[in-house]
Amino acid sequence: LITIERQHIPITGPKPLAPPPIVMTTIPAPVKASPLHLDAAATAEEAFIAVISASLYHAKANYPAVLDRQIEGVHQMRVAFRRLRSGLSLFRPLIPKTVSVEWTNAIGRLNDVLGPARDWDVFLEDSLTPLLKQFPRKRGLILFRNQAEFIRQGHYQVLLDRLVEPEYAGLEQRLDDWLDCRAWRETLTRRQRLRLADPVLSFATPLLKHDDRRVIRQGRKFAELSTAQRHQLRIHIKKLRYALEFFASCYPTPAVRSILGALARLQDGLGVMNDITVVERLLDEAGLTWASAARQVLEGWCACRLEMQQRPFAEHWRQFMAQERPWQD
């Protein structure tokens, strides 16, 4: 019997590397405003709290996407703060401006940095990029595209610097506390506090009727309106749309959806018209002179887009006027 002793022979050379750990990364996604569900039996004060809370949540939800420099994240955060400011404005018959001026001013300062970033986003994506697809070899446009991107990133950096400041986080917390404590009651008279207990419909219905009449009065004269007046009409349409979205659950759903669709078409058309008129200001900011070939091409392109957007307005207006008003008795 032969016994063979097994010897351990060490393995020389580099050891095999362990596989790298798997890191799961999640890209933050932009968040649109969620439908607001109000009970028809809610008080006006409860509706106010729900509207402001939902708008504040909408802004918070888009914070990660904005830090990630996502175009839609910036858009949604801007919409959120506009809705929040609109909410503060439409409830002023119950909660006066003097009571909410701190929040109105703070939101205004945020919109001052959100606005330029959004304006350059819209210009680059909706005006300059389609134009470059038509003239891909036009050197002046390519050079200006690089300059415009540099300007946009500068505005983004200003926005991000503002959002990481303690003042912004403090604003959210203070506004949350203000809502939780119903601090506005401290400065109201007894009669004003009693009005807060009114049913939400007794507050919302006259408000919607008033805003609707204002839109109709101004929109009927659309062909005669100046650029500034058309911008004001868009603001009034937007306020009516936001108000109806806030109170939508208190009215018949089919009629609400139908008129909201009509309002959205009007607002979108007027929004594109406004974006086109903003181009001149952005070209001035970029230092593009009137003698520049790139500016001449851009302004010609935008003039054609403006003409195309004006054509369907009459049909969109007819559709809006034909809608049933869900807030009518």
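Description of the structure in this document.

A few words now on the overall build of the protein. Secondary structure assignment for the protein yields 12 helices and 0 strands. When the backbone C-alpha atoms are referred to their principal axes, the protein occupies close to 110 × 60 × 40 Å. Classification of the 329 residues of the protein by burial places 44% in the buried group. Of the roughly 18600 Å² that the protein leaves accessible, carbon and sulfur atoms contribute 56%. Taking the 46 positively charged and 36 negatively charged side chains of the protein as two groups, their mean positions are separated by 4 Å.

So, on to unusual backbone geometry. Look at Arg69: it is not a glycine, yet its phi comes out positive at around 60 degrees. With respect to the secondary-structure elements, Arg69 resides in the loop between helix H2 (63–67) and helix H3 (71–90). Look at Arg69 and you get partly exposed, because its relative accessible area is 31%. With a phi close to 50 degrees, Arg182 is a non-glycine residue in the positive phi region. Looking at the secondary structure, you find Arg182 in the loop between helix H6 (166–181) and helix H7 (190–195).

This part covers the packing of aromatic side chains. Going through the model one piece at a time under the given rule, you end up with 15 aromatic pairs. Judged by centre distance (5.3 Å) and plane angle (70 degrees), the ring pair of Phe48 and Phe91 falls under edge-to-face. Here Phe91 lies in the loop between H3 and helix H4 (97–134) and Phe48 lies in helix H1 (residues 44–61), a separation of 43 residues in the sequence. Phe91 carries the same exposure label as Phe48, and that label is buried. Ring centres of Phe123 and Phe144 lie 6.1 Å apart, and the angle between their planes is 65 degrees; on these two criteria the pair is classed as edge-to-face. Pair noted here: Phe123 is in helix H4 and Phe144 is in helix H5 (residues 139–163), with a separation of 21 residues, a long-range link.

The next thing to look at is the pattern of salt bridges. With the rule as written, the count across this model stands at 19 salt bridges. Each of the salt bridges in this network shares a partner with another, and the network as a whole consists of Asp121, Glu125, Arg145, Glu149 and Arg152.

Attention shifts here to the side chain of Ser292. With respect to the secondary-structure elements, Ser292 resides in the loop between helix H10 (253–285) and helix H11 (293–310). When its relative accessible area of 17% is taken as the criterion, Ser292 is described as buried. From its side chain, Ser292 meets the backbone nitrogen of Ala294 in a polar contact 3.2 Å long.

A word on the nonpolar core. Of all hydrophobic cores here, the largest spans 74 residues; its most connected members are Phe48, Phe81, Phe91, Trp184, Phe247 and Phe320. If we ignore the near neighbours within four places in the chain, the residues touching Trp184 are Glu45, Phe48, Ile49, Ile95, Val99, Trp178, Leu179 and Leu196. Of all hydrophobic cores here, the second largest spans 20 residues; its members include Leu132, Leu141, Ala286 and Leu298.

Here we take up the packing of H10 against helix H12 (residues 313–321). Where H10 meets H12, the axes come as close as 9 Å, and the angle between the chain directions of the two elements is 155 degrees. Between H10 and H12, the crossing angle belongs to the class labelled roughly antiparallel. Every pair of crossing elements has a handedness; the one defined by H10 and H12 is left-handed. Along the contact surface, H10 presents Ile259, Ala262, Leu263, Arg265, Leu266, Leu270 and Met273, while H12 presents Phe313, His316, Trp317, Gln319 and Phe320. Taken together, the residues of the contact of H10 with H12 sort by class into 9 nonpolar, 2 polar and 1 charged.

Reading the values: the criteria
Residues numbered from 1 in each chain as written. Predicted model: local features only at pLDDT ≥ 70, side-chain atom pairs only at ≥ 80, totals over all residues. Heavy atoms only, no water. Helix = DSSP H or I, 4+ residues; strand = E, 2+ residues; numbered from the N terminus. Buried < 20%, exposed > 50% of the residue type's maximum accessible area, 1.4 Å probe, protein only. Areas by Shrake-Rupley, 256 points an atom, 1.4 Å probe, with all protein chains shown as cover. Lys, Arg positive; Asp, Glu negative; His and termini not counted. Charge placed at Lys NZ, Arg CZ, Asp CG, Glu CD. Phe/Tyr/Trp six-rings, centres within 6.5 Å; stacked < 30°, edge-to-face > 60°. Salt bridge = Lys/Arg side-chain N within 4 Å of Asp/Glu carboxyl O. Polar contact = N/O pair within 3.5 Å; in protein donor to acceptor, adjacent residues only side chain to side chain. Core = buried A, V, L, I, M, F, W, Y, C linked by side-chain atoms within 4.5 Å. Contact = heavy atoms within 4.5 Å. Axes fitted to C-alpha atoms, helices over the stretch in contact; angles between N-to-C directions. Parallel < 35°, antiparallel > 145°, perpendicular 65-115°, else oblique. Left-handed = near helix turned anticlockwise from the far one by under 90°. Nonpolar A, V, L, I, M, F, W, Y, C, P; charged D, E, K, R; others polar.

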